[in-house]
Amino acid sequence: MDNCSNMKHILRYGTNAEQKYIEQIKNSFDLLAFNGNMLAYTPGAIAGFIMMHILKSKRSKGYFIDPITHAFQHDISTISSYSEKEKKIKIKKSVENLIEAYGEPIQSNINSEISVLPSHFNTPELKLEFCKNVINFQLNTIITELEKKGFMDYINNAALDISKLKPCFLIAPYFYLTTKPTDFKWLPLNCEFIKLTKSIANDQEVYAQLVVSKEILTNESFRNEILDEYTKVKPSGVLLWIDKFDDHDANISELNSFVEIIKKFTQNEIPIYNLYGGFFSTILTGFKNELGFELSGVGHALEYGESRAVVPVGGGIPTNKYYYYPLHNRLDYKDASTLLRSLGYFSVPPSDGAREYKKNICHCPTCMEVIQDDINNFSLFENTEFYDITLHGVKQKRSYASQDTKEICVLHYQYNKHKEFLEVEKRSLNDFISRLEKTNSDYAPHEPELSKQIDYLSNWSSVLKSLVGLK
Ligand SMILES: [Zn+2]
């Protein structure tokens with residue numbers, strides 16, 4: 001669809017509590033991603049949000065719904081939680097609602113506490129019906145909810161573009177592929193789901209979500225078989241999710257394998273997106289001429305989610321960190337302040353420190369407001385609330401962010417992410433390579449002071465250099 005092309009920056013909506021942040025940074029991303037279980041759990045809150053912020057947005061913006069069909073193939077415990085009310089462990093309410101929407105063969109198996117297997121899809125009718133249910137959920141949930149609340153008259157009267165109430169594209173049902181024979185059996189079925197969904201989707205584009213383990217990523221024969229099968233069924237686009245794959249932690253061989261996947265789809269003219277990626281992925285969205293391939297987009301959540309594990313389904317939200325722009329990484333406050341101290345930001349008069357910070361580190365609207373003309377205000381990024389946790393019988397204190405700290409960490413993060421995409425538009429690939437090398441040589445001496453490594457900078461630059469034929 002026209003209004004969804006060139007949407008590179010995907011923001012994943014985590015919880016309804018994030019609405020107040022997304023409203024503030026609504027021009028800092030292109031496409032919103034909703035998880036099916038969230039939508040099934042609170043359709044009203046999400047429908048209202050889409051009406052206010054997508055329908056009314058002047059800038060062409062869209063959304064899509066991840067149907068998270070893989071949720072039903074894992075151990076039942078991964079979709080269960082303890083119900084205080086019923087005093088027992090049961091399927092989460094959000095997932096229960098999804099099961100109702102998707103029907104068979106999910107419903108009867110999960111209700112009998114059996115994980116879904118490829119063999120459960122044993123008739124052509126069952127497969128087709130399942131695809132229909134999964135896309136109807138994506139197409140109709142929002143509109144049905146707005147109709148129920150009586151908003152459709154208002155939308156029609158206000159002459160708002162009703163086509164934007166539909167997702168930008170539909171995602172065919174998908175299951176997680178690993179090198180285990182039982183999991184790999186999903187491959188032909190995943191491809192069949194793509195074909196079937198295309199046959200019933202009318203004018204809507206059908207994307208494939210390709211979810212694989214890290215073993216698949218690095219195993220050439222498994223990887224090639226999957227890529228061959230997916231390119232044959234020609235989805236309109238591919239949304240890639242590699243289990244726990246983090247640009248920052250990946251070694252050179254994993255980064256190269258990741259590139260191989262992008263190349264294959266680009267060569268077959270199928271747009272490919274990395275659903276959970278960091279700055280390395282963002283760089284790959286910008287240089288098709290130089291590299292011969294490109295990522296069409298990259299996603300993350302608000303201040304987390306640059307990588308994600310396939311299970312547990314849903315997962316928690318980690319504590320807030322500070323996004324350290326020159327390193328393109330989230331750091332604990334302690335690491336970030338240690339770096340600023342070592343680099344001399346606190347050894348000069350506080351107003352000079354503030355000026356240098358804005359010049360070299362960040363001058364986003366949040367930092368302008370927080371730092372003002374005193375570098376000591378950087379401490380506002382520190383989590384200062386505490387809770388008690390008992391580990392191995394020993395009581396410990398853990399820090400967490402107050403609402404104010406959370407807000408500035410989240411907004412500063414999103415401004416920085418937006419800036420990364422803007423920089424990719426502006427700068428050359430060689431410029432990025434030399435910046436990565438320079439940052440590495442500037443910061444490597446300080447690595448021993450940090451709780452995490454920064455060797456990803458040299459991994460990224462060497463992979464990029466080999467891709468453009470520089471040694
Ligand atoms: Zn900032």
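The residue numbering used here restarts from 1 in each chain and proceeds along that chain's sequence as written. Side-chain atom pairs in this predicted model are given and counted only at pLDDT of 80 or more, local residue features only at pLDDT of at least 70, and totals for whole chains, interfaces and linings cover all residues.

**A few points about the overall build of the chain**
Only runs of H or I of at least four residues qualify as helices and only runs of E of at least two qualify as strands under DSSP, and these elements are numbered from the N terminus. Looking only at helices and strands, the chain features 20 helices and 14 strands. Note that the radius of gyration is over C-alpha atoms, with the globule rule given as 2.2 Å times the number of residues to the power 0.38. Here the C-alpha atoms of the chain give a radius of gyration of 23 Å, agreeing with the 23 Å that 2.2 N^0.38 yields for 471 residues. A total of 471 residues make up the chain; the buried ones form 40% of that total. Here the contact rule is simple: place C-beta atoms from the backbone, and any two residues whose C-beta atoms are within 7 Å are in contact. A separation threshold of at least 6 residues defines the contact pool for the chain, and within that pool the share at least 24 residues apart is 71%. Three classes are used. A residue is buried when 20 or more other C-beta atoms lie within 10 Å of its own, exposed when 12 or fewer do, and partly exposed in between, with C-beta atoms placed from the backbone.

**Describing the domain arrangement of the chain**
When its domains are assigned, the chain resolves into domain 1 (2-301) and domain 2 (322-426). Taken together, the contact pairs 15 residues of domain 1 with 13 residues of domain 2. Every element with two or more residues in the side of domain 1 that touches domain 2 is listed here: α1 (19-24) and α13 (279-283). Per-element accounting of the side of domain 1 that touches domain 2 gives the leading share, three residues, to α13. The domain boundaries here were taken from an automatic or database domain assignment.

**Observations concerning the environment of Asp75**
Mapped onto the elements of the fold, Asp75 is located in the loop between β3 (62-66) and β4 (80-83). Residue class for Asp75 comes out exposed when judged on the 11 C-beta atoms lying within 10 Å of it. With 38 residues separating them in the primary sequence, Asp75 and Glu113 have C-alpha atoms 8.8 Å apart.

**With respect to the packing of helix α19 (residues 429-443) against helix α20 (residues 456-467)**
The interhelical angle for the contact between α19 and α20, taken along N-to-C directions, is 150°, at an axis separation of 9 Å. Here α19 lies roughly antiparallel to α20, going by the angle between them. As α19 packs across α20, the resulting crossing turns out to be left-handed. Facing α19, whose interface residues are Leu429, Phe432, Ile433, Leu436, Glu437, Thr439 and Asn440, α20 presents Leu457, Ser458, Trp460, Ser461, Leu464 and Lys465. Broken down by class, the residue content of the contact of α19 with α20 amounts to seven nonpolar, four polar and two charged. Between N-to-C directions, angles cover 0 to 180 degrees, with each direction set by a line fitted to C-alpha atoms, over the stretch in contact for helices. Roughly parallel means an angle under 35 degrees; roughly antiparallel, over 145; roughly perpendicular, 65 to 115; everything else is oblique. Crossings are classed by handedness, with left-handed meaning an anticlockwise turn of the near helix from the far one by less than a right angle and right-handed meaning a clockwise turn. As a working rule, the residues Ala, Val, Leu, Ile, Met, Phe, Trp, Tyr, Cys and Pro are called nonpolar, Asp, Glu, Lys and Arg charged, and the rest polar, with Gly in that last group.

**Details of the pairing of strand β2 (residues 31-35)**
In terms of burial, β2 is a largely internal element, five of the five residues being buried. A two-sided burial pattern is seen for β2, the buried positions comprising Leu31, Ala33 and Asn35 on one face and Leu32 and Phe34 on the other. For two strands to pair, DSSP has to find at least two bridges joining them. Summarising the sheet, strand β1 (residues 9-12) and β2 pair through three bridges and their orientation is parallel. Bridge pairing links Arg12 to Ala33 in β2. You can see the chain leave β1, run along α1 and come back into β2, and the turn it takes is right-handed. Judged from the five bridges that link them, β2 and β3 form a sheet pairing that is parallel. Each bridged residue has a counterpart across the sheet, and for Asn35 the counterpart in β3 is Asp66. When the strands point away from the viewer and the connection leading from the first strand across the helix to the second strand turns clockwise, the crossover is called right-handed.

**Focus on the sheet that holds β2**
Strand order in the open sheet made by the eight strands is β3-β2-β1-β10-β9-β8-β7-β6, with parallel pairing throughout. In the strand order of this sheet, the two ends are held by β3 and β6 (170-171), each with one partner.

**Description of helix α4 (residues 93-102)**
Taken together, the buried positions of α4 are Ser94, Val95, Leu98, Ile99 and Tyr102. All buried residues of α4 fall inside an arc of 140° around its axis, so they share one side. Two residues or fewer past α4, Gly103 is found with a positive phi of approximately 70°. Summarising the geometry, the arc corresponds to the directions from the helix axis toward the C-beta atoms.

**Quick notes on helix α11 (residues 220-232)**
A helix is expected to span 1.5 Å multiplied by its residue count minus one. With 13 residues, α11 extends 18 Å between its outermost C-alpha atoms, agreeing within 8% with the 18 Å of an ideal straight helix rising 1.5 Å per residue. Remark: Lys234 follows α11 within two positions and exhibits a positive phi of approximately 45°.

**With respect to the nonpolar core**
As used here, a nonpolar core is made of buried Ala, Val, Leu, Ile, Met, Phe, Trp, Tyr and Cys residues. They are joined through C-beta atoms within 7 Å. The biggest cluster of nonpolar side chains holds 122 residues, and the ones touching the most others in it are Phe34, Val238, Leu239 and Leu240. With seven residues, helix α6 (residues 124-148) is the largest single contributor of residues to this core. Of the residues that make up this core, three or more belong to each of domain 1 (2-301) and domain 2 (322-426). Contact partners of Phe34, with chain neighbours within four places excluded, come to Tyr13, Leu39, Ile46, Tyr63, Ile65 and Asp66.

**Re the packing of α6 against helix α9 (residues 186-200)**
Closest axis-to-axis distance for the α6/α9 pair is 9 Å, and the angle between their directions is 65°. Of the possible angle classes, the one that applies to α6 and α9 is roughly perpendicular. Once α6 is placed against α9, the crossing between them reads as right-handed. For the pair α6 and α9, contact is made by Lys127, Leu128, Cys131, Lys132 and Ile135 and by Glu192, Phe193, Leu196, Thr197 and Ile200, respectively.

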